[in-house]
Amino acid sequence: DAKTTQPTSMDCAEGRAANLPCNHSTISGNEYVYWYRQIHSQGPQYIIHGLKNNETNEMASLIITEDRKSSTLILPHATLRDTAVYYCIVRVALGKLIFGQGTELSVKP
Amino acid sequence: NAGVMQNPRHLVRRRGQEARLRCSPMKGHSHVYWYRQLPEEGLKFMVYLQKENIIDESGMPKERFSAEFPKEGPSILRIQQVVRGDSAAYFCASSIQPGEEAFFGQGTRLTVV
């Protein structure tokens, strides 16, 4: 599985959009980009995933660059409950999820 | 539809005892994954099972650890002769197909005293 690089930590003001970047420059054509988050030692929570098109669901939007070497997770209106560690993972369709260190997002009032 | 259920939530064992961690996947899910999270560290993949088969055990320690997912009943992660270094949170995830999103349980926190 390709390696990902994420900032260690980020801050975001409550109510503003949180934009979390991820670099995956060695991604292969058959690897998906997945995002999970872990809130204070709870089980990881699935957020969204995509292959090459941008994706949106009730939680977030995923923007993948045309060359697929990077992506951004967007939480449109961050709340205090979005404070968590966010993991960007690239994964082949049948492969296991390999978690990196993630980005610790702090949403502040 | 209940989520992934893990039990017990907390488990305390003395060194040398056995620990059995259970995971009931979501209804209709036949793919199960186990992960370990040591204190202040990230999640590490341990093993991937499909009903009655181990598909990928590349993250399992070579000794004392085993996993099964029988035709009936939950998946079991078994740790024999536990040591203090086994103290961690163990998470289970399930998916309906191997390429679909995996949903995680709340974990079992094992403490070895």
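Provided above is the structure to which this section pertains.
Residues numbered from 1 in each chain as written. Chains lettered and ligands numbered in written order. Predicted model: local features only at pLDDT ≥ 70, side-chain atom pairs only at ≥ 80, totals over all residues. Heavy atoms only, no water.

Q: So what exactly am I meant to see when it comes to the environment of B:Q97 here?
A: All names here are of chain B. Structurally, Q97 can be placed in the loop between β9 (88-95) and β10 (103-104). Classification of Q97 by relative accessible area gives partly exposed; the value is 46%. Q97 sits 16 residues away from Q81 along the chain, and the two C-alpha atoms are 34 Å apart. (Helix = DSSP H or I, 4+ residues; strand = E, 2+ residues; numbered from the N terminus. Buried < 20%, exposed > 50% of the residue type's maximum accessible area, 1.4 Å probe, protein only.)

Q: I keep staring at the interface of chain A and chain B and nothing clicks. Help me out?
A: In many reports, interface size means the accessible area that the parts give up when they come together. Every contact between the two is made by 18 residues of chain A and, on the other side, 19 residues of chain B. Both faces considered, chain A and chain B share a buried interface measuring about 1500 Å² in area, 52% of it formed by carbon and sulfur atoms. Taken together, chain A and chain B are joined by one salt bridge. Among the salt bridges present, the one from A:K96 reaches B:D56, with a minimum N-O distance of 2.9 Å. On inspection of chain A and its partner chain B, the count reaches five residue pairs in polar contact (both at pLDDT 80 or more). Among the secondary structure elements, those contributing two or more residues to the side of chain A that touches chain B are β3 (31-38), β4 (45-50) and β8 (84-92) of chain A. Residues belonging to the side of chain A that touches chain B are distributed by class as follows: ten nonpolar, six polar and two charged. (Contact = heavy atoms within 4.5 Å. Buried area = accessible area lost by both parts, 1.4 Å probe. Salt bridge = Lys/Arg side-chain N within 4 Å of Asp/Glu carboxyl O. Polar contact = N/O pair within 3.5 Å; in protein donor to acceptor, adjacent residues only side chain to side chain. Nonpolar A, V, L, I, M, F, W, Y, C, P; charged D, E, K, R; others polar.)

Q: So what exactly am I meant to see when it comes to the sheet that holds strand β2 (residues 18-23) of chain A here?
A: Two modes of strand pairing occur in sheets, parallel and antiparallel, and in both the strands are linked by backbone hydrogen bonds. Residues and elements named next belong to chain A. Strand order in the open sheet formed by four strands is β2-β7-β6-β5, and the pairing between neighbours is antiparallel. The open sheet terminates on both sides in strands that have one partner only, identified here as β2 and β5 (55-56). Bridge analysis of β2 against strand β7 (residues 70-75) gives six bridges, and the strand direction is antiparallel. Bridging across to β7, N19 finds its partner in I74. (Pairing = 2+ DSSP bridges.)

Q: I'm lost on the state of the cysteines in this one. Help?
A: Simply put, the disulfide is a covalent bond whose two ends are the sulfur atoms of two cysteines. Residue and element names in this part refer to chain A. Enumeration according to the criterion identifies two disulfides over all chains in this entry. Between the sulfur of C22 and that of C88 lies a disulfide, 2.1 Å long from S to S. Linking C22 and C88, the disulfide has an S-S dihedral of approximately -80 degrees and is accordingly described as left-handed. One end of the pair, C22, is in strand β2; the other, C88, is in strand β8, and 66 residues separate them in sequence. Residue classification places C22 among the buried residues on the basis of a relative accessible area of 2%. (Disulfide = S-S within 2.5 Å.)

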